[in-house]
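One letter stands for each residue in the lines below.
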Amino acid sequence: MTTSTFTVSGMTCGHCVSSVREEVSGIPGVTTVEVDLPTGLLTVTADAPVDSEAVSRAVEEAGYAVTGSS
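Residues numbered from 1 in each chain as written. Predicted model: local features only at pLDDT ≥ 70, side-chain atom pairs only at ≥ 80, totals over all residues. Heavy atoms only, no water.

Of regular secondary structure, the chain possesses 2 helices and 4 strands. Each helix and strand of the chain, ordered N terminal to C terminal, gives the series β-α-β-β-α-β. In terms of its C-alpha atoms, the chain occupies a principal-axis envelope of roughly 30 × 20 × 15 Å. Counting over 70 residues, the chain shows a buried share of 39%. For the chain, contacts bridging at least 24 residues in sequence account for 62% of all contacts bridging at least 6. In the form shown here, the chain has an accessible surface area of approximately 3,800 Å², with 49% of it arising from carbon and sulfur atoms. (Helix = DSSP H or I, 4+ residues; strand = E, 2+ residues; numbered from the N terminus. Buried < 20%, exposed > 50% of the residue type's maximum accessible area, 1.4 Å probe, protein only. Contact = heavy atoms within 4.5 Å. Areas by Shrake-Rupley, 256 points an atom, 1.4 Å probe, with all protein chains shown as cover.)

As structure tokens, then:
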């Protein structure tokens, strides 16, 4: 299991959080997605290291942007 964190900008409500969670959960290997609305922190747990580009694309599909990762 690996955990990656990203910062997402543009989220303002619970629906935003749900949209991001749903899109990122669709990435193969992802097991858990946690989103903290006040900080914009997105925590992704997966079976293997997750491709940050895949996460960025999923977040963009939800209508938001990844502004940082660690």
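Let's shift gears to the pairing of strand 3 (residues 41–46). Buried residues dominate strand 3, accounting for 5 of its 6 residues. Alignment of strand 2 (residues 30–36) against strand 3, held across 6 bridges, turns out to be antiparallel. Directly across from Glu-34, in strand 3, lies its bridge partner Thr-43. Between the antiparallel neighbours strand 2 and strand 3 lie 4 residues, among them Gly-40 with a positive phi of about 75 degrees. (Pairing = 2+ DSSP bridges.)

If you look at the biggest cluster of nonpolar residues, it comprises 21 residues, and the most contacted ones within it are Val-20, Val-24, Ile-27, Leu-42, Val-59 and Tyr-64. When residues in this core are grouped by element, the largest group, 5 residues, is from helix 2 (residues 52–62). Setting aside chain neighbours within four positions, we find Tyr-64 in contact with Val-8, Ser-9, Gly-10, Met-11, Cys-16, Ser-19, Val-20 and Val-59. (Core = buried A, V, L, I, M, F, W, Y, C linked by side-chain atoms within 4.5 Å.)

With 12 residues, helix 1 (residues 14–25) ought to run about 16 Å at 1.5 Å a step, and its terminal C-alpha atoms sit 16 Å apart, in line with that. By the burial criterion, the buried members of helix 1 are Cys-16, Val-17, Ser-19, Val-20 and Val-24. The arc enclosing the buried residues of helix 1, seen along the axis, measures out at 165 degrees, which places them on a common side. Along helix 1, exposed side chains directed more than 90 degrees from the buried face belong to His-15 and Glu-22. Looking at the buried side of helix 1, the elements it contacts are strand 2, strand 3 and helix 2. (Expected span 1.5 Å × (residues − 1). Arc of directions from axis to C-beta.)

Strand order in the open sheet formed by 4 strands is 2-3-1-4, and the pairing between neighbours is antiparallel. What marks the edges here is a single partner per strand, and that holds for strand 2 and strand 4 (65–69). Direction aside, neighbouring strands of the sheet carry axes that sit 30 degrees apart on average. Pairing between strand 1 (residues 2–9) and strand 4: 4 bridges, direction antiparallel. Considered in strand 4, the bridge of Phe-6 is made with Ser-69. Sitting on the sheet, helix 1 touches strand 2 and strand 3, and the angle it makes with strand 2 is about 160 degrees. Contacts from helix 2 reach strand 1, strand 3 and strand 4 within the one sheet, and its direction differs from that of strand 4 by about 150 degrees. (Axes fitted to C-alpha atoms, helices over the stretch in contact; angles between N-to-C directions.)

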